[in-house]
Amino acid sequence: FFFQAEDGIRDISVWLEFRRVLFRSSDVGEGDKTQTATHNFYTGAEYQQAAMRTAKLKDFYFNLKHAQMGLSSESGKFADAIKKHLIYNKPLDIPNLIEEIGDILWFCALACETLGITLDEAMWLNIDKLRQRYPDAYTDADAQARADKA
C-alpha cells in the first residue's frame, strides 16, 4: 500500500515502522516525575493523564471553551489538508493528517478531563450507543430509526 507524501510516493511500511517505534515506550507523567510506560499502547485514561501534563487547566468554563475551540480548529486543519488534496490536487499529506488526529485527541482528552470522565468512559459510552443504534452492522434504516434515541 502506498500513499503520496509531499516529496513523492512512500510505502506505508514507513508509517507502520514509525508506529512500532512510537508505541514501544512513551512518557507518562506523574506529578514532577516522568516514568516510561513499557506496554504497547496507552489506555484512554493513561493518554489523558499524560496529555493533561501539558494542559493549561483553570476553571470548568475556561477548560471547556479551550477544548471546544481546540476541537474546532484542529478538525478544521484536518479538513483543510483533505481539501488541498481533493480540490487543489496537492499530494495527500498523511503525516500532517496523523498529527492533526493526535491534536484532536488531545482536545478530546481535555474535554473529558473537564467533564470528569476518562477517554475510556467516553469511548465505551460511544460504542454502547452505536451497538444500540446498529445491532448487527451499519444500515441506512437503522441510521434513520436511531434506536438509541427512542
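Residues numbered from 1 in each chain as written. Predicted model: local features only at pLDDT ≥ 70, side-chain atom pairs only at ≥ 80, totals over all residues. Heavy atoms only, no water.

With the rule as written, the count across this model stands at four aromatic pairs. When the centroid spacing of 6.2 Å and the interplanar angle of 75° are considered together, the rings of tyrosine 42 and tyrosine 47 count as edge-to-face. Ring geometry for tyrosine 134 versus tyrosine 138: centroids 5.2 Å apart, planes at 45°, classification tilted. The residue whose ring lies beneath lysine 58 is phenylalanine 62, and the NZ or CZ to ring-centre distance is 4.8 Å. (Phe/Tyr/Trp six-rings, centres within 6.5 Å; stacked < 30°, edge-to-face > 60°. Lys NZ or Arg CZ within 6 Å of the ring centre and 35° of its normal.)

Here we come to the pattern of salt bridges. Taken as a whole and assessed by the stated rule, the structure comprises four salt bridges. Residues lysine 77 and glutamate 74 are paired through a salt bridge, measuring 3.4 Å at the closest nitrogen-oxygen approach. In this pair, lysine 77 and glutamate 74 are both assigned in helix 3 (residues 60–88), three residues apart and thus about one turn of the helix distant. Exposure remark for glutamate 74: the relative accessible area of 8% places this residue in the buried category. Among the ionic pairs, aspartate 80 bridges to lysine 84, the shortest N-O distance being 3.3 Å. (Salt bridge = Lys/Arg side-chain N within 4 Å of Asp/Glu carboxyl O. Helix = DSSP H or I, 4+ residues; strand = E, 2+ residues; numbered from the N terminus. Buried < 20%, exposed > 50% of the residue type's maximum accessible area, 1.4 Å probe, protein only.)

Relative to the assigned elements, arginine 133 resides in helix 5 (residues 119–133). On the accessibility criterion, arginine 133 (10% relative accessible area) is buried. Excluding residues that lie within four positions of it along the chain, arginine 133 makes contacts with Asp142, Arg146, Asp148 and Lys149. (Contact = heavy atoms within 4.5 Å.)

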